[in-house]
Each structure stands twice: as structure tokens, then as C-alpha cells.
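Chain and residue survey
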Amino acid sequence: MPVIAVIGAGPGLGLSIARRFGKEGFQVALVSRTQDKLDALAAQLAEDGIEAAGFAADVTRPDSLQSALAAVADRFGALDVLEYSPADPTFAGAAAVDATAQDLHKQLDYYLYGAVAAVRQVLPAMLERRSGTLLFSTGASSIRPTGGAFGSIGVAAAALRNYAIALGIDLAEHGVHAAHVAIGVYIGSGPGTEPETIAEHYWHAYTKRDQAEIVHTAPGGIR
């Protein structure tokens, strides 16, 4: 059975991505900081007949994240899909005009360096097999700077976007697809913003492999 790891798994988009892939026969590894919450999500997926398990890790600690992904491989086998979408509404950003190097470093730890650590852990097996998919999520501030509290977040998210697209260019000839999904809506805020609607983009990215970037805008538009 193919395997997907959802990094930053939560009860919204992460669960919907897990369910979308799980109903297609994927085994699902859920990765975030709190094991109890992961176990609850895995139990929900089990009710749908999806084999899933949680692996606690902190994306700001590369050793923690890489250890969790090694445990995923021990449990399920090598990954077919890595999806990276950590989100923490309590993790405040700073306006660009106020941002210090320390503010930016915190955001880069969270968005960019965690993604790099995850890729370094799973990419060798994908290259050996000449197959695999790497999917990265950000908010729309990665492509359309908005100022305000999203200033420092947008800088880090833009760095992740650049990394994802550059990976796609480098890996195309090796059978590994990388893509970026920018979410330009508040998830669950109205029609076209439902997590299950947005999750379809990830399935499209995996199956079609024809876009380096998908941008989701209300009401459910794609550019």
C-alpha cells in the first residue's frame, strides 16, 4: 500500500488530506507535536477504514522530525508522498516594519528549515526508486505580501515556496514531483473554503503532476 505522511496534521485540512488519500488506499502517517491529538485523528480515520498512525514531532527540531519520519518508514515503509503544512494560530508573526532577525529566524525555523529536514530524510529513498511526491503548503502571503502581522510569516512562507518550486525543477528528471499549494482563504470560512475542497488540490498534484504551484482562492478558484 502507498504511504503518505501529513506533517502538521490537525482536525482541519490535515485530516481532510489524510482522508482524501486514505480513501484511495494510502496508509497515513500523521505528524505533529501532540501524540494524544494524533491518536484521536488516527481513530477518526480508522472509522473510515483507513490505516493511520500518529508520530509526534516538533518541526522546529530537525532531529525530532527526522526521527519521526524514520519511525514512519519502520512502520509503513518508504513514503510515496510527503505533505508539509504546519500551522499554529498562536504562533504570531510580526509586521515587516517591526520584524527583527530573531522574528524572521523563528518563522524560518517553522516553515523552511522543518521542510528541509523532512525532505532530507525521505528524499534518498524516493531518488533510489525514482518516484515520489513532495507537497508543501503556505498561505497566500508567500506569493502576495500583505503586510501587518503576516510580514514575517510571508517572508518565511515565500522562502518555502521558492524551495518547493526549485526542488521541482531539480527533481523532475529523477522521477520525483514537488509542488507548492498556496491557500488564499481562511479555511472553513464559507463556500469554496472547506478543507475537503482544498484537499482535492493535493490529490490533483499527486495524480496529475502537471503543476509546480496551485493557488486556491475563494470561491474555490484555482490559478
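This is a predicted model, so every value here is computed, not measured.

With that settled, the discussion passes to the side chain of S16. As for its position among the elements, S16 is in helix α1 (residues 13-22). Residue S16 is classed as buried on the basis of its relative accessible area, which comes to 11%. Excluding its chain neighbours within four sequence positions, the residues that come into contact with S16 are P195, E196 and A199.

A pair of packed helices is captured by two measures, namely the crossing angle of their axes and the spacing between those axes. Between helix α3 (residues 62-76) and helix α4 (residues 101-129), whose axes approach to 9 Å, the crossing angle comes to 35 degrees. Here the hand of the crossing between α3 and α4 comes out right-handed. Facing α3, whose interface residues are P62, L65, Q66, L69 and A70, α4 presents G114, A117, A118, R120, Q121 and V122. Here the contact of α3 with α4 is built from residues that sort into seven nonpolar, three polar and one charged.

Once that is clear, we can look at the nonpolar core. Residues I7, L65, L69, L79, L82, L134 and F136 are the most contacted members of the largest nonpolar core, which totals 38 residues. Considering every element that reaches this core, the biggest residue donor is α4, with 10 residues. With residues near it in sequence (within four places) discarded, F136 still touches Y84, A115, V119, L160, Y163, A164, L167, A178, A179, H180 and V181. Counting 29 residues, the second-largest nonpolar core is a separate cluster that includes A18, V81, V181 and V185.

How each quantity is defined
Residues numbered from 1 in each chain as written. Predicted model: local features only at pLDDT ≥ 70, side-chain atom pairs only at ≥ 80, totals over all residues. Heavy atoms only, no water. Helix = DSSP H or I, 4+ residues; strand = E, 2+ residues; numbered from the N terminus. Buried < 20%, exposed > 50% of the residue type's maximum accessible area, 1.4 Å probe, protein only. Contact = heavy atoms within 4.5 Å. Axes fitted to C-alpha atoms, helices over the stretch in contact; angles between N-to-C directions. Left-handed = near helix turned anticlockwise from the far one by under 90°. Nonpolar A, V, L, I, M, F, W, Y, C, P; charged D, E, K, R; others polar. Core = buried A, V, L, I, M, F, W, Y, C linked by side-chain atoms within 4.5 Å.

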